[in-house]
Amino acid sequence: MQLSFAPLVTQTGPAVVNVYAKQQVRARSPFAGDPFFEQFFGRQMPPRVQSSLGSGVIVDPSGIIVTNFHVIRDADEVKVALADGREFESRILLKDESLDLAVLKIESDDAFPVIGIGDSDALAVGDLVLAIGNPFGVGQTTTSGIVSALARNHVGISDFGFFIQTDAAINPGNSGGALIDMSGNLVGINTAIFSRSGGSIGIGFAIPSNMVRAVVESARQGGDAFERPFVGAEFDAVTAQIAEALGMARPRGAIVTSLFEGGPAEKAGLAPGDVVLTLNGAPIQHVDALGYRLATQPIGSTVTFDVLSKGKERQIEVELVRAPEGANETIVDIPGDSPFAGAKVAELSPRLAQRLRMPGSASGVVMVDVPRGTPAAQFGFRPRDIVREVNGETIDTPQTLEKVAMTKSRWWRFTIERDGNLLQQMLRY
């Protein structure tokens, strides 16, 4: 009897691809600001091209590919190379930085080889897995290992907090590659490693396939960003002190900290201080696990929570809906000659806050995008900055900011909110 992974690799290897991303970067000339040298050398240096290499997995015979967001971040051009040597230009269907996932599309008259998406919830610690990718650009490589842990959070890779941990060797270039089980199904997208040297030391992390399936389905339906279901509640971790105060034997679950008025959670009877213990029977180990479980549920479905409320456990059903839109969803491009010029701003709503990975209770005029090369980007503004006040005027709508930005002024005094902190600045422009 010969024990070998060769049949699995033969079956799945053709569906793992190389992803090449290119980005043009413009650098400021060292002579910028000098009138004499500027007329000869200009203000900008010739653009240089940055390249990144990663892996991807074909999950649909029509050419739908899943990879990591950080592989194609800010890319101007993305190419895909198959294991048989064919190369294709690809287009980006969907990307989500918080999940570190992106969905690409390539075209051909022939069907592409695929790896079926499996059920990552069926994994157990100790299960055998294979990692397939293109480490260091040396070519397709397969490594074996086991599932070392499940539901890992606080990894520091992205906002996502529900990783599969494996000791199958994952190295730079493996990002976006396949983690497969012994049935040849995709159970994870290899994303990152913990390492002090830059090479694998047996601690790698993969995004579970159930999350991948939800993102792919969103892309199939035409979405350019992944939309999470809305429950109308904010949750926090249950610490040891909170667990003791609530009479719990150990910290687990996610505690409700606030409710959106009229939201699904409030209608279902959830209250601040309640602790969500399970979702559809799946235990909630920590608050990130609740976020993951909710994100994998389709909008329009109803989920069942086991809740600890006032010392007693009860079950409630919560409908998952789309996050509400605001009264004014218009995105305004700030014109004129001011530090805000070029920024794209809008009035915050629960739906926009979700898209920008901000608390659902956040309000105000937020910077949705700050394109490279604009005055706003040069002055250090970032997406998710909330503009509170400019030159003594309160900014309550995008139109107010547009009007203030069009005024002629050499001095600008403004207040913005960034990550919950108020920042005040005065500058000459």
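Residue positions within a chain follow its written sequence, with the count starting from 1. Restriction of local features to residues with pLDDT of at least 70 applies here, the model being predicted, together with a cutoff of 80 or more for giving and counting side-chain atom pairs; totals for whole chains, interfaces and linings are based on all residues. Hydrogen atoms and water are omitted, and side-chain values are computed over all heavy atoms in the structure.

### Remarks on the overall build of the protein chain
- Regarding its fold elements, the protein chain presents 10 helices and 26 strands.
- For the exposure calls, accessible area comes from a 1.4 Å probe over protein chains only, and a residue counts as buried if that area is under 20% of its type's maximum, exposed if over 50%, partly exposed in between. Out of the 429 residues in the protein chain, the part that is buried amounts to 46%.
- A sequence separation of at least 24 residues applies to 59% of the contacts in the protein chain between residues at least 6 apart.
- When the accessible surface of the protein chain is split by element, carbon and sulfur atoms take 50% of a total near 21,000 Å². Only DSSP runs of H or I covering at least 4 residues are called helices, and only runs of E covering at least 2 are called strands; the numbering of each starts at the N terminus. Contacts are assigned to residue pairs that have any heavy atoms within 4.5 Å of one another. To measure how exposed things are, a 1.4 Å probe is used in the Shrake-Rupley method; for residues, cover is taken only from the protein chains shown.

### A short note on the environment of Val366
- Following the sequence through the fold, Val366 ends up in strand β22 (residues 365-369).
- We classify Val366 as buried; its relative accessible area is 0%.

### Things to note about the layout of surface pockets
- In this structure, the largest pocket occupies an estimated 1,500 Å³ of space.
- Lining of the largest pocket is provided by 45 residues; of these, Lys95, Asp224, Ala225, Phe226 and Arg355 occupy positions nearest its centre.
- Where the lining of the largest pocket is concerned, the elements lending two or more residues are β6 (91-96), α4 (209-220), α8 (350-355) and β22.
- Partitioning the lining of the largest pocket into residue classes produces 19 nonpolar, 8 polar and 18 charged. With a 1 Å grid spanning the protein atoms alone, the term cavity applies to any set of points in which a 1.4 Å probe fits but cannot get out, the term pocket to an open set with protein on both sides within 12 Å along at least five of seven lines, and the term lining residue to any residue with an atom within 4 Å of a point. Grid points are joined across faces, edges and corners, and a volume is the space filled by probe spheres set on the points. The classification used treats Ala, Val, Leu, Ile, Met, Phe, Trp, Tyr, Cys and Pro as nonpolar, Asp, Glu, Lys and Arg as charged, and all other residues, Gly among them, as polar.

### Focus on helix α10 (residues 398-405)
- Residues of α10 that are buried: Pro398, Thr400, Leu401, Val404 and Ala405. Looking straight down α10, one finds that the buried residues subtend no more than 160° of arc, so they occupy a single side.
- Against the buried residues of α10 lie β20 (332-333), β21 (344-347), β22, β23 (386-390), β24 (393-394) and β25 (411-418). Regarding the arc, it is the one traced by the directions from the helix axis to the C-beta atoms.

### Structural notes on the pattern of salt bridges
- Each reported salt bridge corresponds to a side-chain nitrogen of Lys or Arg within 4 Å of a carboxyl oxygen of Asp or Glu. Scanning the entire structure with this criterion turns up 19 salt bridges.
- Between Glu77 and Lys79 there is a salt bridge; the shortest N-O distance is 3.9 Å.
- Put simply, Arg388 and Glu417 hold a salt bridge, and the shortest N to O gap is 2.7 Å. Within this pair, whereas Arg388 is found in strand β23, its partner Glu417 is found in strand β25, the two being separated by 29 residues in sequence.
- Arg388 gets classed as partly exposed once you look at its relative accessible area, which sits at 27%.
- One salt-bridge network, held together by shared partners, links Glu227, Arg322, Glu325 and Arg351.

### Observations concerning the sheet that holds strand β8 (residues 128-133)
- Read once around its circumference, the closed barrel built from 6 strands follows the order β8-β9-β10-β13-β12-β11, with strand pairing classed as antiparallel. This sheet shows a mean twist of 45° between the axes of neighbouring strands, independent of strand direction.
- Where strand β9 (residues 141-152) meets strand β10 (residues 163-166), 3 bridges bridge the pair, whose relative direction is antiparallel. Following the sheet pairing, Ala149 is matched in β10 by Gln165.
- In this description, a line fitted to the C-alpha atoms serves as the axis of each element, helices being fitted only across the stretch in contact, and the angle between N-to-C directions of two axes falls anywhere from 0 to 180 degrees. Sitting on the sheet, α4 is in contact with β12 (186-193) and β13 (204-208), with an inclination near 45° to β13. For two strands to count as paired, DSSP must find a minimum of two bridges between them.

### Overview of the UniProt feature "active site" (unreviewed entry) in the protein chain
- UniProt positions are given in the numbering used here, feature names are shortened, and annotations may be inferred rather than shown by experiment. The UniProt record annotates "active site" (unreviewed entry) at His70, Asp100 and Ser175. A maximum C-alpha distance of 10.2 Å among these annotated residues, which run over 106 residues, shows that they cluster at one spot.
- Relative to the helices and strands, His70 is located in helix α3 (residues 69-72).
- Taking the relative accessible area as the measure of exposure, His70 reaches 31% and is therefore partly exposed.
- The residues contacting His70, other than those within four sequence positions of it, are Asp100, Ser175 and Thr191.
- Structurally, the position occupied by Asp100 is in the loop between β6 and β7 (101-105).
- Judged by its relative accessible area of 5%, Asp100 is buried.
- Polar contact is the term for a pair of N or O atoms within 3.5 Å; when the atoms are in protein, one must be able to donate a hydrogen and the other to accept it, and sequence-neighboring residues count only if both atoms are side-chain atoms. A polar atom in the side chain of Asp100 sits 3.1 Å from the backbone nitrogen of Phe69.

### As for the UniProt feature "binding site: substrate" (unreviewed entry) in the protein chain
- In the numbering used here, UniProt assigns the feature "binding site: substrate" (unreviewed entry) to His70, Asp100, Gly173, Asn174 and Ser175.
- Looking at the secondary structure, you find Ser175 in the loop between β10 and β11 (178-180).
- A distance of 3.0 Å separates a polar atom in the side chain of Ser175 from a polar atom in the side chain of His70.

### A closer look at unusual backbone geometry
- Positive phi values are uncommon outside glycine, yet Asp100 reaches one of about 60°.
- Backbone geometry places Lys310, a non-glycine residue, at a positive phi of 55°.
- Along the chain, the position of Lys310 falls in the loop between β18 (302-309) and β19 (312-319).
- With a relative accessible area of 84%, Lys310 lands in the exposed category.

### Side note on the side chain of Arg418
- With respect to the secondary-structure elements, Arg418 resides in strand β25.
- Relative accessible area serves as the criterion here: at 16%, Arg418 is assigned to the buried category.
- Contacts of Arg418, omitting those with residues within four sequence positions, involve Gly380, Phe381, Arg382, Asp385 and Leu423.

### As for the pairing of β9
- Bridge analysis of β8 against β9 gives 6 bridges, and the strand direction is antiparallel. Bridge pairing links Ile132 to Thr142 in β9.

### Re the environment of Leu246
- Note that Leu246 resides in the loop between α5 (240-245) and β15 (254-259).
- It is 6.7 Å that separates the C-alpha atoms of Leu246 and Gly311, two residues lying 65 residues apart in sequence.
- Discounting residues that sit within four places of it in the chain, Leu246 has contacts with Ile255, Gly273, Val275 and Leu308.

### Let's talk about the nonpolar core
- Among buried residues, the Ala, Val, Leu, Ile, Met, Phe, Trp, Tyr and Cys ones that are joined through side-chain atoms within 4.5 Å form a nonpolar core. One finds Leu101, Met211, Phe235, Leu290 and Phe305 to be the most contacted residues of the largest nonpolar core, which totals 69 residues.
- Among the elements that take part in this core, α4 stands out by supplying 6 residues, more than any other.
- In this view, Phe235 contacts Ala254, Ile255, Val256, Thr257, Leu270, Val276, Val287 and Leu290; residues no more than four positions away in its chain are not counted.
- Core analysis: the second largest hydrophobic core is formed by 20 residues, Phe340, Phe414, Ile416 and Leu427 among them.

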